[in-house]
Amino acid sequence: RVIIPNYVYTPSNCLNPASAFYAICCRDMCEELMDHVESKIRDPFAGPEKIVDVVSALPSASVSAPRTLPAALVRKLQEVAVHHNGLVPLHSRLFAQWMHFAYPRECQYPHISGTTLNTTTKEWAAATGLRMSLSNAEVEAYVESQSAASKKASTSAVMAGDGEDEADVLCSAMWTPD
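These remarks concern the structure in this document.

Procedures and definitions
- Residues numbered from 1 in each chain as written.
- Predicted model: local features only at pLDDT ≥ 70, side-chain atom pairs only at ≥ 80, totals over all residues.
- Heavy atoms only, no water.
- Core = buried A, V, L, I, M, F, W, Y, C linked by side-chain atoms within 4.5 Å.
- Buried < 20%, exposed > 50% of the residue type's maximum accessible area, 1.4 Å probe, protein only.
- Helix = DSSP H or I, 4+ residues; strand = E, 2+ residues; numbered from the N terminus.
- Contact = heavy atoms within 4.5 Å.
- Expected span 1.5 Å × (residues − 1).
- Arc of directions from axis to C-beta.

With that settled, the discussion passes to the nonpolar core. One finds Val37, Ile51, Val55, Phe95, Trp98, Met99 and Tyr103 to be the most contacted residues of the largest nonpolar core, which totals 29 residues. Going through the elements one at a time, helix H2 (29-41), helix H3 (48-56), helix H4 (71-83) and helix H5 (93-102) are the ones with two or more residues in this core. The element best represented in this core is H5, accounting for 6 residues. When neighbours within four sequence positions are excluded, Val37 is seen to be in contact with Val54, Val55, Leu58, Leu90 and Phe95.

The end-to-end C-alpha distance of H4, which contains 13 residues, comes to 18 Å, matching closely the 18 Å that a straight helix rising 1.5 Å per residue would cover. Buried within H4 we find Ala72, Leu73, Val74, Lys76, Leu77, Val80 and Ala81. Downstream of H4 by a residue or two, Asn85 has a phi angle that is positive, lying close to 55 degrees.

All right, on to H2 then. Compared with the 18 Å implied by 1.5 Å per residue over 13 residues, the 19 Å span of H2 between its first and last C-alpha is a close match. Among the residues of H2, those classed as buried are Cys30, Leu33, Met34, Val37 and Ile41. When H2 is viewed along its axis, its buried side chains cluster within an angular range of 95 degrees and face the same direction. For H2, the elements touching its buried residues are strand E1 (45-46), H3 and H5.

Structure, rendered in structure tokens:
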């Protein structure tokens, strides 16, 4: 699975002009969301109820507001608070992880330290022996195959009556409380 903001904000997607001193990268949209949360809470720690109130009212480019956060997402925030004596530390990996689920297109998923490796496309190609890019025909064939597979999967889920909360499934599958 590709986590879109993690991919977009990788160093390999930055423009590196002829300088060893800087790179031009995409703006991290989660920073703006976090700035808003911090300005409303005005404390490095907050109760889960206050965070839910602030985030429920905070729109982004891909999420409209006001909204009701999924119950599974609220439960995860409450778990973080229980882990920290009733308060959620706003500058923690667990809160960043929660923000990823609240704003999946804007906030990166914060992997546990040491479990991922940032590489440039050239480093990846050298390490794997694979090509860095695909031809237009290869891209079109891949999109077609995924489109057909996606239609089959959604049809079978509807036919099976799978009523499981999508946020609950995502949170359970990717949530790491370490």
